[in-house]
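Per-entry structural report
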Amino acid sequence: MDSSLTGCARAEHFHAATPLLESWALSQVAGTTVFLKCENVQPAGSFKIRGIGHFCQEMAKKGCRHLVCSSGGNAGIAAAYAARKLGIPATIVLPEGTSLQVVRRLQGEGAEVQLTGKVWDEASLKAQELATRAGWVNVPPFDHPLIWEGHASLVRELKAALGTPPGALVLAVGGGGLLAGVSAGLAEVGWQHVPIIAVETQGAHCFNAAVKAGRLVTLPDITSVAKSLGAKTVAARALACTQELEIISEVVEDVQAVSAVQQFLDDERMLVEPACGAALAVIYSGLLGRLQAEGRLRPSLASVVVIVCGGNSIDGGGLQALKARLGQS
Ligand code: PLV
C-alpha cells in the first residue's frame, strides 16, 4: 500500500497524506463547492516537505554528508526536518529579516541557520557557494525534477479523495515548484484538462511577468509582504507548463492576500501566511467569479480545490503587524 495513504509513522517518505476538507464558508463565498487541501498540517508546516523530503532521501542514498538549503522559510524547515530524520547535518540560508519563529523552528530541528542578503536570490547564491564543499549538497527549494516528482503526490491524494476531477485548482506561485509538481501530477492521473489558477502577489509576480513576456523575467526587487513567494525569477519549467496545461496566471495585491488570511482565520480558525492568503484571495476577493464572468472559467464548476500551502511564517502578532502596515487595522 502507498504509505502516503496510511499516515503511519514509519512511512517511506516524510510527508503526510493531508486532509481534503469541504469548506462551508468558502463555498458560500464562491457559489460552488470549495475543497481545501490542507498542506498547512504537514509535519514541516507546508507542502514543501513532499518534494524536498523526496529530494533529500534521494541525496542520502547517494551518500550526501551535509544538506544546505536556501529558502524564504518553508523550504528550509522542510529540509531541516528531512535532514534530522535522515541523521544528516543541515545548514539553512535565509534572507535577513526572516521571522524569529522560522529561525527558532530551524534551530529546534537542529539546523545551522545563516541569514544573508535582502531576498531569497541572494541567500541562494550563498547556499550554492557552501555546496561546493566536499559531501555537501544544495537542496533547491523549487527548481528540480525530484522536487516536482515529490509535489506530484499531492495530486494523487486529490484523485484518491475526490474520484472525479475538480472544475479548477488554485495554488500560489513563488519559484514555480508547486506549479510544476501539480502540473506533473495532473498529467500523471489524467486530469491535465483541469485549469490551474496560479496566483502571486504584486511585487513577487515573476511568473506573471514571464507569462506576459513569453520568456523568463527577473524582477528588480521583491516588494510584496509575501516573502515566501519572493523568487525574482520563476523556474523555466513553470513557464513551460503553460504550453501543456491550462494555467491562468493572476496577481493579487498584498492587502487582498492579508485580508484573506484574516478571513480564513475567522472562517476556518486556521492561521496561514500571506503566500497562502494569495491563493485564498481568489475566492475571497471575488476573482473566481470574475474569471467565470469573463469566460476564462466555465460558468458552472464541479468544485474548486484550493491548496492551503502553509503558515510557518506567521503568528498572531505578525498578522496584526501586517495589517497595521497595510492600513487594515
Ligand atoms: N516558498 C519557498 C521559496 O521562497 C521557500 O523557500 O520556502 N506557499 C508557501 C507557503 C511557500 O513557502 C512557497 C515557497 C510557495 C507557496 C510557492 O512555492 P514555489 O516556490 O514552489 O512556487 C522564496
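Placed above this text is the structure.
All figures in this text were calculated on a predicted structure; none of them were measured in a lab. (Residues numbered from 1 in each chain as written. Predicted model: local features only at pLDDT ≥ 70, side-chain atom pairs only at ≥ 80, totals over all residues. Heavy atoms only, no water.)

Observations regarding the pattern of salt bridges
Operational definition: Basic side-chain nitrogens of Lys or Arg form a salt bridge, by our definition, when they fall within 4 Å of a carboxyl oxygen of Asp or Glu. Think of it this way: any DSSP run of H or I at least four residues long counts as a helix, any run of E at least two long counts as a strand, and we number them from the N terminus. Using a 1.4 Å probe on the protein chains alone, a residue whose accessible area is under 20% of its type maximum counts as buried, one over 50% counts as exposed, and one in between counts as partly exposed.
Per the counting criterion, the structure on display carries 12 salt bridges. Put simply, arginine 156 and glutamate 188 hold a salt bridge, and the shortest N to O gap is 2.9 Å. You can see arginine 156 sitting in helix H7 (residues 153-162) and its partner glutamate 188 sitting in helix H8 (residues 177-188), a full 32 residues away along the chain. On the basis of relative accessibility, which here comes to 34%, the residue arginine 156 falls in the partly exposed class. You can call glutamate 188 partly exposed: its relative accessible area is 49%. Salt bridges here are not isolated pairs; linked through shared partners, they connect Lys37, Glu39, Arg50 and Glu157.

Let's talk about the layout of surface pockets
The following threshold applies: Of the grid points, spaced at 1 Å and generated over the protein atoms alone, those admitting a 1.4 Å probe that cannot get out make up cavities, while open sets with protein on both sides within 12 Å along at least five of seven lines make up pockets; any residue with an atom within 4 Å of a point is treated as lining. Grid points are joined across faces, edges and corners, and a volume is the space filled by probe spheres set on the points. Only Asp, Glu, Lys and Arg are considered charged, only Ala, Val, Leu, Ile, Met, Phe, Trp, Tyr, Cys and Pro nonpolar, and every remaining residue, Gly among them, polar. Those domain boundaries reflect an automatic or database domain assignment.
Considered as a void within the structure, the largest pocket measures approximately 560 Å³ in volume. Lining the largest pocket are 27 residues, with Gly97, Thr98, Ser99, Val225 and Lys227 sitting closest to its centre. Of all the elements in the fold, those that place two or more residues in the lining of the largest pocket are helix H4 (100-108), helix H12 (274-284) and helix H14 (316-325). For the lining of the largest pocket, the element with the most residues is H14, which contributes four residues. Within the lining of the largest pocket, the residues separate by chemical class into 12 nonpolar, nine polar and six charged. No fewer than three residues from each of domain 1 (20-47 + 144-324) and domain 2 (48-138) sit in the lining of the largest pocket.

A closer look at the site of the ligand
Note the following rule: Proximity is defined per residue: if any heavy atom of the residue lies within 4 Å of a molecule or strand, that residue is considered near it. Whenever two N or O atoms come within 3.5 Å, that pair is a polar contact, provided that in protein one can donate a hydrogen and the other can accept it, and provided that, for residues adjacent in sequence, both atoms are side-chain atoms. Put plainly, a molecule is in a cavity or pocket when over half of its atoms are within 2 Å of the grid points there.
Not every one of the 21 residues close to the ligand is listed here, only the nearest: Ser71, Gly72, Asn74, Ala75 and Gly176. Lysine 48 is positioned such that a nitrogen or oxygen atom in its side chain is 3.4 Å from an oxygen atom of the ligand. One nitrogen or oxygen atom from the main chain of glycine 174 is found 2.7 Å from an oxygen atom belonging to the ligand. Counting atoms within 2 Å of the grid points, the majority share of the ligand lands in the largest cavity. At the level of secondary structure, the elements contributing two or more residues to the shell around the ligand comprise helix H3 (74-86) and H8. Within the shell around the ligand, the residues separate by chemical class into nine nonpolar, 10 polar and two charged. No fewer than three residues from each of domain 1 (20-47 + 144-324) and domain 2 (48-138) sit in the shell around the ligand.

Notes on the side chain of asparagine 312
The line we're drawing: Every residue pair with non-hydrogen atoms within 4.5 Å of one another is taken to be in contact.
For asparagine 312, the location among the structural elements is in the loop between strand S10 (304-308) and H14. Among the polar contacts made by the side chain of asparagine 312, one reaches the main-chain carbonyl oxygen of alanine 44 at a distance of 2.9 Å. Contacts of asparagine 312, omitting those with residues within four sequence positions, involve Ala44, Gly45, Ser46, Asn74, Ile77, Gln101, Val102, Arg105 and Glu273.

Notes on the sheet that holds strand S5 (residues 112-115)
Keep this limit in mind: By the convention used here, strands pair only if DSSP detects at least 2 bridges between them. Only the contacting stretch of a helix is used when fitting its axis, a line to C-alpha atoms as for every element, and angles between N-to-C directions run 0 to 180 degrees.
An order of S5-S4-S3-S6 is seen for the four strands of this open sheet, with the pairing classed as parallel. The open sheet is flanked by S5 and strand S6 (136-139), the only strands paired with a single partner. Strand-to-strand, the axes of this sheet are offset by a mean angle of 20 degrees, without reference to chain direction. The strands that H3 touches are strand S3 (66-70) and strand S4 (90-94); relative to S4, the one it contacts most, it runs at about 175 degrees.

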